[in-house]
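Overview (structure and organization)
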Amino acid sequence: MIKNLNLVVILVLIGWTSVSWSQATITGLVLDENDSPIPGVNVTVEKKNIGVVTDFDGKFSIEAERGDVLKFSYLGMQSQTITVTGSQPLTIAMQTDQMQLEDVVVVGYGTQKRADVTGAIGSVNNENFNKGLATNPGQLFQGKVAGVNVSVVSGEPGATQDVIIRGVGSLRSGTTPLYVIDGFALDNSSTGVATNPLNFINSQDIEKIDVLKDASATAIYGSRGANGVIVITTKNGKTDKAQMDLSVTSGFSTLANKVDVFSADEFRQQVVAVGGTLDDGGANTDWQDELTRTAFSQNVNFSLSNASDNFSYRASLGVNDQEGILKSNDLKLYSGRLNLMQKAFNDHLRVEYNLTANRIENARADAQSIVGNMLQLNPTTPVYTNGKPTLLENMLNPFTREEIYSDEAVNNRILANIAPSIKIVKGLTYKLSLGVDYSSTNRDIQYKPYSLLEDYTNGSLNSIYTTNKNTLVENTLTYNFFKDKHNFTFLVGQTYQETYEEQKSFRMEGFSDNGVDPKYQDQISGESTPTYMDTYAVKNELQSFFGRLNYIYNDKYLITATMRGDGSSKFGENNKYGYFPSVALGWNIMNEDFLSASSVVTNLKLRASWGKTGNQEIPSKITKLSYTDSKDDNDSYPINGDESSIEDYPYGTIFTRLANPDIQWEVSTQADIGLDFGFFNNRLTGTIDYFNKVSENILLEVTPADPVQPTDKYWTNIPDMEIKNSGVEFSLDYNGNFSNNFTFNIGGNISYTNNEVVDSPYEVLTTGAAQGAGQTDATINGNLNGEAIGSFYMQEFMGIGDDGLSILSDDRRVAGSALPDIIYAFYVNLKYKNFDLGINFNGVSGNKVYNHTAMSLFTKGLLASNFNTTDIVTQYENEDITNSNTVSTRYLEDGDFLRLNNTTLGYNLRPELLGMGDLIHNIRFSVTGQNLFVISKYSGFDPEINSNLTIDGIQTFGIDYFNYPKTRTLLFGLNISF
């Protein structure tokens, strides 16, 4: 009996022990190589989504079961795993992981360890991307890289963006950087879709974005590197990790900010107060509410991936359906991507293959007209009368416009590249890259016939067909040589890239009002309803030879030297080739003996660089002679003597462009000095850079000084003219923890840029011009000697005189610039147990915005005529209703702003709580808000705008002309990994 009782007690004790081990508290200490405690180490239970971090003394405490695997990870250290076998305290000694500490950065035609990089390169990994709706890469890294100003200048889904890296360095060639996706350099030509041509890239497929900023980093791209280079790396299969991921987001967007026009009651009072006769429709209509909507969006992505030592793959499918807040506006993106990598012959042969196929369906609203209507229409006018849109005098009711107008484009695009590489001998690798980017777009812009308004009775159709093809062949040889303390890497290469763009446009009028869209009808051209066809085709070729030397001595002293020669078909015979050298030095101070044992300094590197880059983003064929036939003016004359009218004259041949084989490359020379630092095991990291960039050989289309010329304009390089950009960039990041379960990360960046046009022979080169009756082509901003690009040049508004008219200065003056002096961003990331919160702000300072919308719409005369306005028209009681809306500082406003760009709250649910721990790795729920608020004095919809009202193709900034309003978005997300 006693024996049986003892047996029962033993069994109970064993059972109790095993039960107690179903969940036990494991404690321990984490040390570095010098036996110093490491705070902030991530300690997680694999496959259970349980995690803590070590405290300031390197200690941790975590709940785990026998047989669980604990993983210890920390930036700059080799990750370690240990299987729980007992409850005894653990002591973990972590070793430095040099590769992780230094990070891997994608540079031109290769990669480098972060510690070996001598250029100014900013990197953003996918976990740090901006969250929320992102239809193109620019939205992902807005505010994430110092010195890079990404302006989302419109609220339209997929809208184009202004991306400016270290200031504007060209007048005619734009600011768009070169985009390189998995080694393939994209062409910045339009694809025929009115929105951003980069929308075809699914943001869920992007692993990392590297921004190459200084000449040392960009010179390897030669003639296309002057505006900087953005290198996009897509996701691949992870080693020994088979995984499927499903991501679903759904949300809605609303108008973020209204313009404060008069309400119906205020309007009734103000029209009479300014001496007008009120046309009271009896309604109380808020046209901003009526003409916008709650826009819904859905985004679904699915991927599967795996990898082994010799093979990896990742395949993905995505659907992004996003409505705009203006009705009849939406963007649909269907995307598929396949990335493969195969090794053979004991790693001597490696083949990489990337394929992406996309379809974009884009329906656009007539945004300028709708925005004008929502701000200007009489708020006492009802939207509908007797069930139909109310008839307006001599103008379309915007709801009628929505019924008869459409702008629809469909784009199909394939980007494919294959890159086999062969290890010839030890250290020597040959790589061949072949790629093609093919795009085809059909766009139809139509008005259905509308008999109640004269200008719309015939209906109209503009059908545009655009084809783009970009082919690339690259050959590179890379040789790595290591001996003792010496490390050499040699790269030589040759590339050939051909781009082809073709467009045909047909404009037609005269369609039957039979309920069938004009694009599906037949149309017969006649004298009253002619058909017009416009076509063009452009082929450009770029052949390049380049080389680069990287030398490292004892992991302390670094040198990088680069040379590239580009030959472009865009330039004349006398200057077809351009040459772009660069050199950079680096000093890894942290590896010196006096710092090697420091417990404070983890990283300290000094960099300096100098180099030249070019800009070939100019119109094609401008070096070549062009002519046409004409009967206008004095282009023809009678020959036979029996001509009775100009119609009988023969066509005369006239020049439209003169040949100029001497046109040279625009060249930017840039110097940079920077310091990278990290303290306290890289808990505190940052960079600081000073740069000075000078652009010369500025290329413009100008009017000849001698009026007796075959053409009224010609292309030339402006002698001695320069554009200077200099400034300072600073970024800082800190990782810390309040407790084992509560960690935080804070940081930000700020940059100051001084932009100046030097030695310009012109008083002003107009860039932004006014639009509308009595204002067309009046200068708003331009480029002046000694001033920043985009300087506002206008008369000063000094009030209203006794005659009720504006008092303006006699002369025009520079009243500020559209380019901000300072751009900045900061963020806070918090993590408590399974919850995480990320908050991102960004802003600018020192710039102005010209409110062209207010100048066009908000006048006392229009208010008296029963058009709505803001209270700007009541600021001066004695202002006469005949006072004109002249370009002046009256409509120039501060463009400074601070925006809460996005905020994400997430929760990671442990699958085992649902009994699915063996099937699902992770379940994550998230809520994201975008553009939650903006602090600004600007009276329009949003201060971050650019209507791009160019003159002669010279890019402009900072003019608000009926811009598509910005949205505020709330998204709900679900991510499942299994």
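Residues take numbers from 1 onward in each chain, read along the sequence in its written order. Only residues with pLDDT of at least 70 get local features here, since the model is predicted, and only at 80 or more are side-chain atom pairs given and counted; chain-wide, interface and lining totals rely on the full set of residues. Computation of side-chain values: all heavy atoms of the structure, hydrogens and water removed.

1. Remarks on the overall build of the protein chain
Secondary structure summary: the protein chain contains 11 helices and 51 strands in total. When we talk radius of gyration, it's over C-alpha atoms, and the globule rule is simply 2.2 Å times the number of residues to the 0.38. Taken against the 2.2 N^0.38 rule, which gives 30 Å for 978 residues, the C-alpha radius of gyration of the protein chain at 32 Å falls within 12% of a compact globule. Seen along its three principal axes, the alpha-carbon backbone of the protein chain occupies a region of about 130 × 70 × 60 Å. Pairs at least 24 apart in sequence give 70% of the contacts found in the protein chain among residues at least 6 apart. For the protein chain, the computed accessible surface area is about 43800 Å², with 53% contributed by carbon and sulfur atoms. Strands here are runs of E lasting at least two residues and helices are runs of H or I lasting at least four, both read from the DSSP assignment and numbered beginning at the N terminus. Only heavy atoms matter for contacts: two residues are in contact if any of them lie within 4.5 Å across the pair. Only the protein chains shown count as cover for residues, and the accessible areas themselves come from Shrake-Rupley with a 1.4 Å probe.

2. Observations concerning a nonpolar patch on the surface
Patch membership needs two things, relative accessible area over 30% and no salt bridge, and members are linked within 9 Å if like-charged or within 5 Å if nonpolar (Val, Leu, Ile, Met, Phe, Trp, Tyr). Note on definitions: salt bridges are taken to be side-chain nitrogens of Lys or Arg within 4 Å of carboxyl oxygens of Asp or Glu. A contiguous nonpolar patch, built from Y557, W587, F594, L606, I673, I688, Y690, V728, F730, L732 and I750 and spanning about 950 Å² of accessible area, is present on the exposed surface. Those elements that provide at least two residues to the nonpolar patch are β35 (684-696) and β38 (722-739). The greatest single-element share of the nonpolar patch, amounting to three residues, is contributed by β38. As for its position among the elements, Y557 is in strand β29 (residues 557-568).

3. So, the sheet that holds strand β41 (residues 779-783)
Pairing is antiparallel in the open sheet, where four strands are placed in the order β40-β41-β42-β43. Pairing within the sheet leaves two strands with one partner each, and these edge strands are β40 (765-769) and β43 (806-817). Across the sheet, the mean angle separating the axes of adjacent strands is 40° when strand polarity is ignored. By the bridge criterion, six bridges tie strand β42 (residues 791-800) to β43 in an arrangement that is antiparallel. Looking at β43, one finds that M794 is bridged to R813. Strands were regarded as paired on the criterion that DSSP finds at least two bridges between them. For every element, the axis is a line fit to its C-alpha atoms; helices are fit only across the contacting stretch, and the angle between N-to-C directions ranges from 0 to 180 degrees.

4. Considering the nonpolar core
One finds L171, L375, Y850 and F858 to be the most contacted residues of the largest nonpolar core, which totals 60 residues. Elements with a minimum of two residues in this core: α5 (264-273), α7 (367-376), β36 (699-702), β42, α10 (852-857) and α11 (860-864). Take this core: its biggest share by element is five residues, from α7. Beyond its immediate sequence surroundings of up to four residues, L375 is in contact with V259, V261, Q288, T853, L857, F858, N868 and F941. Among the buried residues, those of types Ala, Val, Leu, Ile, Met, Phe, Trp, Tyr and Cys that are joined through side-chain atoms within 4.5 Å form a nonpolar core. Whether a residue is buried, partly exposed or exposed follows from its accessible area with a 1.4 Å probe, protein chains only, as a fraction of its type maximum: under 20%, in between, or over 50%, in that order. Counting 27 residues, the second-largest nonpolar core is a separate cluster that includes V124, F141, L198 and L331.

5. Description of the side chain of S568
Following the sequence through the fold, S568 ends up in strand β29. Any pair of N or O atoms that falls within 3.5 Å is considered a polar contact. Within protein, one atom must be able to donate a hydrogen and the other to accept it, and sequence-neighbouring residues count only if both atoms are side-chain atoms. Side-chain polar atoms of S568 contact the backbone nitrogen of K570, separated by 3.1 Å. If near-sequence neighbours (up to four positions away) are discounted, S568 is found in contact with E541, L542, K576, Q616 and W665.

6. Quick look at the sheet that holds strand β46 (residues 848-851)
With mixed pairing, the three strands of this open sheet are ordered in space as β47-β46-β50. Lying at the two open borders of the sheet, with one neighbouring strand each, are β47 (892-894) and β50 (959-960). As paired strands, β46 and β47 are joined by three bridges and run antiparallel to one another. Counted as the bridge partner of V849 is E893 from β47.

7. Remarks on α7
Within α7, eight of the 10 residues are buried, leaving the element largely enclosed by the surrounding structure. Contact partners of the buried residues in α7: α6 (287-290), α8 (398-404), α10 and α11.

8. Observations concerning α5
Turning to α5, its buried residues are A264, F267 and V271. Here the buried residues of α5 occupy an arc of 45° about the axis, which is enough to place them on one side. Exposed and facing more than 90 degrees away from the buried side of α5 are D265, Q269, V272 and A273. Turning to α5, the residues buried within the fold contact α11. Backbone geometry just after α5 places G275 at a positive phi near 95°. By arc we mean the arc of the directions from the helix axis to the C-beta atoms, nothing more.

9. Examining the pattern of salt bridges
By the definition in use, this model includes 36 salt bridges. For R166, the salt bridge identified is with D672, shortest N-O distance 2.8 Å. Of the two residues, R166 is situated in the loop between β12 (161-165) and β13 (178-181) and D672 in strand β34 (residues 666-679); the sequence distance between them amounts to 506 residues. D672 gets classed as buried once you look at its relative accessible area, which sits at 4%. Residues R350 and E352 are paired through a salt bridge, measuring 3.1 Å at the closest nitrogen-oxygen approach.

10. Overview of the packing of aromatic side chains
Here a Phe, Tyr or Trp ring, Trp counted by its six-membered ring, pairs with any other such ring whose centre lies within 6.5 Å, and the pair is stacked when the planes are under 30 degrees apart, edge-to-face when over 60, and tilted otherwise. What the rule picks out here adds up to 29 aromatic pairs. Plain terms: the ring middles of F481 and F488 are 6.1 Å apart, the flat faces sit at 40° to each other, and that makes the pair tilted. Owing to a relative accessible area of 32%, F481 belongs among the partly exposed residues under this scheme. A relative accessible area of 24% means that F488 is categorised as partly exposed. Aromatic rings pair up to connect Y479, F481, F488, F490 and Y551 into one cluster.

11. Some points on the confidence of the model for the protein chain
Detail in the predicted coordinates should be disregarded across regions flagged by low pLDDT. Averaged over all residues, the pLDDT of the protein chain equals 88, while 94% of them reach at least 70. Every residue in residues 1-21 is under pLDDT 50, and counting partners more than four places away or in other chains gives seven contacts. The pLDDT score gives, residue by residue, the confidence of the prediction method on a 0 to 100 scale.

12. A few points about unusual backbone geometry
In this structure, D182 takes a positive phi of about 50° despite not being glycine. As for its placement among the helices and strands, D182 is situated in the loop between β13 and β14 (184-185). Phi at N866 is positive, roughly 75°, even though this residue is not glycine. Tracing the sequence through the fold places N866 in the loop between α11 and β47.

13. Re the pairing of strand β8 (residues 104-107)
Of the pairings in the sheet, the one linking β8 to strand β9 (residues 110-113) comprises four bridges and is antiparallel in character. Counted as the bridge partner of V107 is G110 from β9. Turn length for the β8-β9 hairpin, with the two strands adjacent in sequence and antiparallel, is two residues, and the turn residue Y109 shows positive phi of about 60°.

14. Remarks on the environment of K388
As for its position among the elements, K388 is in strand β23 (residues 388-389). Given a relative accessible area of 60%, K388 falls into the exposed group. Note: C-alpha distance between K388 and Y557 (169 residues apart in sequence) is 77 Å.

15. Observations concerning the side chain of N725
Here N725 shows up in strand β38. On the basis of relative accessible area, N725 is assigned to the buried category, the value being 0%. A distance of 2.9 Å separates a polar atom in the side chain of N725 from the backbone oxygen of V168. Once residues lying within four places of it in the same chain are set aside, the contact partners of N725 are R166, G167, V168, G169, F691, N692, K693, T753, N754 and N755.

16. Some details on the environment of F744
Topologically, F744 is positioned in strand β39 (residues 742-758). Considering only alpha carbons, one finds F744 and G838, 94 residues apart in sequence, at a separation of 9.7 Å. Those residues in contact with F744, other than ones at most four positions away along the chain, are Y734, N735, G736, N737, F738, N829 and L830.

17. Considerations on the environment of G895
Along the chain, the position of G895 falls in the loop between β47 and β48 (897-909). Each residue touching G895, except ones within four places of it in the same chain, is listed here: V844, N847, K848, V849 and P943.

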